[in-house]
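Tertiary structure, described
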Amino acid sequence: MPQLEATSTTLDFQSASYKDAYSRINAIVIEGEQEANDNYIKLAEMLPDSKDELISLAKMEIRHKKGFQACGKNLAVDPDMEFAQKFFSGLHQNFQTAAASGNVVTCLLIQALIIESFAIAAYNIYIPVADPFARKITEGVVKDEYSHLNFGEKWLQAHFEDSKTEMEQANRQNLPIVWKMLNQVEKDAKVLGMEKEALVEDFMIAYGEALSTIGFTTRDIMRMSAYGLIG
Ligand code: Y39
Ligand code: FE
Ligand code: FE
Ligand code: FE
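Now for a description of the structure that goes with this document. Small disclaimer: the values here were computed from a predicted structure and weren't measured.

1. Focus on the side chain of asparagine 37
Structurally, asparagine 37 can be placed in helix α2 (residues 16–46). Among residues more than four places away in sequence, those in contact with asparagine 37 are Ala58, Lys59, Glu61 and Ile62.

2. A few points about empty space enclosed by the protein
Sizing a probe to match a water molecule and rolling it over the atoms shows the empty space that remains. By the definition in use, this model includes 1 cavity of 30 Å³ or more. What lines the largest cavity is a set of 27 residues, and nearest its centre among them are Ile25, Ile28, Val29, Ala122 and Tyr123. When its residues are assigned to classes, the lining of the largest cavity shows 20 nonpolar, 3 polar and 4 charged.

3. Examining the site of ligand 1
Taken together, 17 residues lie near ligand 1, and Gly32, Glu33, Glu61, Glu116 and Glu145 sit nearest. Glutamate 61 places a side-chain nitrogen or oxygen 2.9 Å from an oxygen atom of ligand 1. Glutamate 116 is positioned with one of its side-chain polar atoms (N or O) 2.8 Å from an oxygen atom of ligand 1. When isolated, ligand 1 has an accessible area of 440 Å², and the protein chains bury 100% of it. For ligand 1, the cavity whose grid points lie within 2 Å of the majority of its atoms is the largest cavity. The set of elements that each furnish at least two residues to the shell around ligand 1 consists of α2, α5 (104–126) and α7 (160–191). With 7 residues, α5 is the single largest residue contributor to the shell around ligand 1. Its residues placed into classes, the shell around ligand 1 shows 11 nonpolar, 2 polar and 4 charged.

4. Observations regarding the coordination of the iron ion (ligand 2)
Distances from the iron ion (ligand 2) to its protein donors, namely Glu33 (OE), Glu33 (OE), Glu61 (OE), His64 (ND1) and Glu145 (OE), fall within the range 2.0 to 2.8 Å. In this structure, the iron ion (ligand 2) is surrounded by 6 donor atoms whose angles at the metal cover 51 to 176°, and the resulting shape is irregular. In this structure the iron ion (ligand 3) is found 3.4 Å away from the iron ion (ligand 2), and glutamate 61 serves as a bridging donor for the pair. Here histidine 64 is found in helix α3 (residues 51–74), whereas its partner glutamate 145 is found in helix α6 (residues 132–158), with 81 residues between them in sequence.

5. Topic: the packing of aromatic side chains
Within the structure shown, the criterion is met by 9 aromatic pairs. Geometrically, the ring pair formed by phenylalanine 83 and phenylalanine 87 is stacked, given 6.3 Å between the ring centres and 25° between the ring planes. Of this pair, phenylalanine 83 and phenylalanine 87 both sit in helix α4 (residues 81–100), 4 residues apart, roughly one helical turn. Assessed through its relative accessible area of 23%, phenylalanine 83 is described here as partly exposed. Ring geometry for tryptophan 179 versus phenylalanine 203: centroids 5.7 Å apart, planes at 80°, classification edge-to-face. Of this pair, tryptophan 179 sits in helix α7 while phenylalanine 203 sits in helix α8 (residues 196–214), and the two are 24 residues apart along the sequence. The exposure class assigned to tryptophan 179 is buried, which follows from its relative accessible area of 12%. On the basis of relative accessibility, which here comes to 0%, the residue phenylalanine 203 falls in the buried class.

Scoring rules and cut-offs
Residues numbered from 1 in each chain as written. Chains lettered and ligands numbered in written order. Predicted model: local features only at pLDDT ≥ 70, side-chain atom pairs only at ≥ 80, totals over all residues. Heavy atoms only, no water. Helix = DSSP H or I, 4+ residues; strand = E, 2+ residues; numbered from the N terminus. Contact = heavy atoms within 4.5 Å. 1 Å grid on protein atoms, 1.4 Å probe; cavity = no way out; pocket = protein on both sides within 12 Å on 5 of 7 lines; lining within 4 Å. Points joined across faces, edges and corners; volume = space filled by probe spheres on them. Nonpolar A, V, L, I, M, F, W, Y, C, P; charged D, E, K, R; others polar. Near = heavy atom within 4 Å. Polar contact = N/O pair within 3.5 Å; in protein donor to acceptor, adjacent residues only side chain to side chain. Areas by Shrake-Rupley, 256 points an atom, 1.4 Å probe, with all protein chains shown as cover. Sits in = over half its atoms within 2 Å of the grid points. Donors = N, O, S within 2.8 Å, 3.2 Å for Na, K, Ca; no water. Tetrahedral: all angles 85-135°; square planar, octahedral: opposite > 155°, others 65-115°. Phe/Tyr/Trp six-rings, centres within 6.5 Å; stacked < 30°, edge-to-face > 60°. Buried < 20%, exposed > 50% of the residue type's maximum accessible area, 1.4 Å probe, protein only.

This is a description of form; function is not addressed.
In structure tokens form, the structure reads like this:
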């Protein structure tokens, strides 16, 4: 991949511009891992049959958070946590509202499908352009994220017929928020050597494959993806 080689030779992890962009991206990842932890604890309350598994996923998210905090420290970057909280506020609010109403399908779609697919895309695109310390950490983390996506797939697949309508509604409500998040992060991601087009592509592959595993047809998936794009 000549594009990646060209990028990695020009990145200066100590430059002011790299560290400025990293202060927001690193904060997003730290905040995302913390919220993922909170979300899996909430899901453990909502799904008592899967409580132990969900608590173990929650613990993994806290380990991820600590790993990414170490990545920021390693570059002497102070993460902009206020920015990151705003960045996640749309999905955060929708998860809280769904949880308060007992809408477990919506909660699973937001955390275990959408946010995990976003994480898988971001981490896979980041690994080849990361500094060596962060690369090692991120390689360990991304393996876990596939297992989190897999939890959501398995549960929603087993409850497909009962969950289909709620999944379609939750998709329509939350996918447009993901496109807004990607637009907000596009410039900073580029400074880190990550292209928005690659992030979108990897996100749609992970999310589309998950929807297919769960039981949606290709036609459903096309329609659901388009709803996301047009809001
Ligand atoms: O399940 C998880 O661990 C997810 C919380 C983490 C989400 C990370 C979101 C990353 C978006 C970064 C965008 C950078 C281009
Ligand atoms: Fe994680
Ligand atoms: Fe995760
Ligand atoms: Fe743009």
